[in-house]
Amino acid sequence: MEWIVLGEKNGKIRLVSKNNTNGILPKGSYLTIELTSTGSKFILRVDDTEQSEPYSPSPLIVDMDLSPLKQDQMCQNIISAYRVRDIYNRSDGLIDFIPPQSIARRSTQAEVDLALGGGTSGPKVFVATLHSSQNQLLKDESGKHITATLPVDMFFHQVLVCGKTGSGKTVATKYLAQYFTESLEGAVLAINVKDVDFLKMDCPSRTTNPAVVEEWETLGEHPRGVENYTIYYPANIAIDTTQKVTPEVCQKITLDVTRIEPEALTGLLEGISDTASMNFPNIFRHWQEEQRSNKNGKFTFGEFVLYFSEGVENGREFPTMNSRGDSSFVTLHKGTCDNIIRNLDYALDFFDNKDAKCIDETDILVPNKMSIINVAGNKGIQFGSILLRDLLHRIVDAKDKQRSRTNMLIIIDEVHQFYNTDSSREALGDLDTICRTGRSKKIGVIFSSQNPTDIPRGLANVINTKIFFKSDANSAKSLGLRVTDDEMESLRKGFAVASIHELSQLKVLKFPLSYSGVFEKE
């Protein structure tokens, strides 16, 4: 199949199909023009494409029940395309013309790689097209799928994945997470807030869909579970093993009052003023340091609750210690004290469970390991917000002091569910600092949500990669993506529009099915 260059108009190259071309090249496809006279090569990306009838046939012929002429039924494909990559040898500062009547053909994989400008290292996706409400994978002249390589640096410039339920965002996130653990030898920490979405990634994916199998074969991959995989869950919550979650990879965890960072405890507080929230960690720090000195590190959270209650009865004046070790006193309002006591009572079963493990950064920052913290269920979000904040402090500290060189990826799935309490908002607030400094520390964050407005305020400006599966077109457009309402509505499962860090030419893509943790119905 070939196309003929007509000329240039408004910055776009216009082309028409030759007689041997019997179809429409979809929007988003790539064309290559080679000039044998100069050795120059031009790679174009189709921006607009339509059917045209060169002989303007009259409907009267068919209306009079006459047979249409063959010429009258002839169609052509008219294309407008951007120049995305010019390859030439001239050095006079000018740019080569693309002469009319030049011949264009579909680009090869190597030429698309050149046009996209990506590297050879990174997770592979399929380049796709959108036309007339149809999603298609881009193919070359031999019928092979065209792929693109997402840059590894994308992970450390933060990623937003949006889409409605069932659109493919969780499957895509699993695919990226598995690549990070296996190919980058990194550590992944994922927060699971819903059902068993991330709880079966130790098992290979299962499908009988021939299209999926063909995609895996194109990439030279096969389904497989993540080998080093642990699910951590609060000791006060029973994990649901009836949904075929492997019990052997599950580990009960608890919070250790002797080691927890005082600031993480603000994750307990609900209905407390900001000022009171600032004072509470300093009250706890003073008590914690005192217990460490007097009890050789053997004390419980229940003892702190008793200490605080006695302080309320004795005038509500508490000694404090800030992070620098400076001591002082603070008097809390009675209403604030009552709220804190209620919150402390609520959290008693998070701490000091004897048959559960206390985890820290050394359990998470392990090469090739995927750690899942399951906070689905009653009280799970509150527990997760305290634990996540404590872990984030420890992970950043370990990276700052170079105790670990392991690349780290943090995944917050279904942000809108994790973000619905004051305590979890506090935990996500800490991610703000990580997102802004993640590149230097090699810490990446993937936010997955149904709506980009669920992301903590201010973070949208530091997220450099946005991937939208089928969702609200206006939300995508507000973040700079070029997509119409019809195009967004026509996205099928697994297809997405995107703005990828350092891969600006990739607009429509399809993720392969994750190699683990996805089980399609047979």
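Note that the structure is a prediction, hence the values are computed from the model and not measured. (Residues numbered from 1 in each chain as written. Predicted model: local features only at pLDDT ≥ 70, side-chain atom pairs only at ≥ 80, totals over all residues. Heavy atoms only, no water.)

A. How the structure looks around the overall build of the protein. Scanning the protein for helices and strands turns up 13 helices and 21 strands. Counting only C-alpha atoms and orienting by the principal axes, one finds that the protein spans roughly 100 × 60 × 40 Å. Buried positions account for 54% of the 522 residues belonging to the protein. Counted over contacts in the protein with a minimum sequence separation of 6, partners at least 24 positions apart contribute 73%. (Helix = DSSP H or I, 4+ residues; strand = E, 2+ residues; numbered from the N terminus. Buried < 20%, exposed > 50% of the residue type's maximum accessible area, 1.4 Å probe, protein only. Contact = heavy atoms within 4.5 Å.)

B. How the structure looks around the packing of helix α6 (residues 301-313) against helix α7 (residues 334-346). Where α6 contacts α7, the axes come no closer than 11 Å and their chain directions differ by 165 degrees. Classed by the angle they form, the pair α6 and α7 counts as roughly antiparallel. As α6 runs across α7, the sense of the crossing is left-handed. Taking contact as the criterion, the partners of Phe-301, Phe-304, Val-305, Phe-308, Ser-309 and Val-312 in α6 are, on α7, Cys-337, Ile-340, Ile-341, Leu-344 and Asp-345. For the contact of α6 with α7, the residue count by class is nine nonpolar, one polar and one charged. (Axes fitted to C-alpha atoms, helices over the stretch in contact; angles between N-to-C directions. Parallel < 35°, antiparallel > 145°, perpendicular 65-115°, else oblique. Left-handed = near helix turned anticlockwise from the far one by under 90°. Nonpolar A, V, L, I, M, F, W, Y, C, P; charged D, E, K, R; others polar.)

C. Molecular detail of α7. Relative to the 18 Å expected for 13 residues at 1.5 Å per residue, α7 spans 19 Å between its end C-alpha atoms, a close match to the ideal helical length. Looking at α7, one finds that the buried residues are Thr-336, Cys-337, Ile-340, Ile-341, Asn-343 and Leu-344. Buried residues along α7 cover an arc of 165 degrees about the axis, so they all sit on one side. Those residues of α7 hidden inside the fold are in contact with α5 (274-295), α6 and β14 (317-321). (Expected span 1.5 Å × (residues − 1). Arc of directions from axis to C-beta.)

D. Region of interest: the pattern of salt bridges. Taken as a whole and judged by the stated rule, the model has 29 salt bridges. We note a salt bridge from Lys-41 to Glu-111, for which the minimum N-O separation is 3.1 Å. One end of the pair, Lys-41, is in strand β4 (residues 40-52); the other, Glu-111, is in helix α2 (residues 109-116), with 70 residues separating them in the sequence. For Glu-111, a relative accessible area of 6% gives the class buried. The residue Lys-401 makes a salt bridge to Asp-397 at a minimum N-O spacing of 3.3 Å. For Asp-397, a relative accessible area of 27% translates into the label partly exposed. Within the structure, one salt-bridge network assembled from shared partners comprises Glu-34, Lys-41, Arg-105 and Glu-111. (Salt bridge = Lys/Arg side-chain N within 4 Å of Asp/Glu carboxyl O.)

E. Region of the structure containing the packing of aromatic side chains. Here the structure, examined in full by the defined rule, presents 21 aromatic pairs. With centroids separated by 5.8 Å and ring planes inclined at 40 degrees, the aromatic side chains of Phe-284 and Trp-287 adopt a geometry described as tilted. Of the two residues, Phe-284 and Trp-287 both sit in helix α5, three residues apart, roughly one turn of that helix. A relative accessible area of 0% means that Phe-284 is categorised as buried. We classify Trp-287 as buried; its relative accessible area is 2%. Aromatic pair Tyr-346 and Phe-350: ring centres 6.5 Å apart, planes at 85 degrees, arrangement edge-to-face. Looking at Phe-350, the relative accessible area reads 1%, which means it is buried. One aromatic cluster is present, built from ring pairs that chain together Phe-280, Phe-284, Trp-287, Phe-299, Phe-301, Phe-304, Tyr-307, Phe-308, Phe-318 and Phe-351. Above the plane of the ring of Phe-495 lies Lys-510, whose end atom (NZ or CZ) is 5.9 Å from the centre. (Phe/Tyr/Trp six-rings, centres within 6.5 Å; stacked < 30°, edge-to-face > 60°. Lys NZ or Arg CZ within 6 Å of the ring centre and 35° of its normal.)

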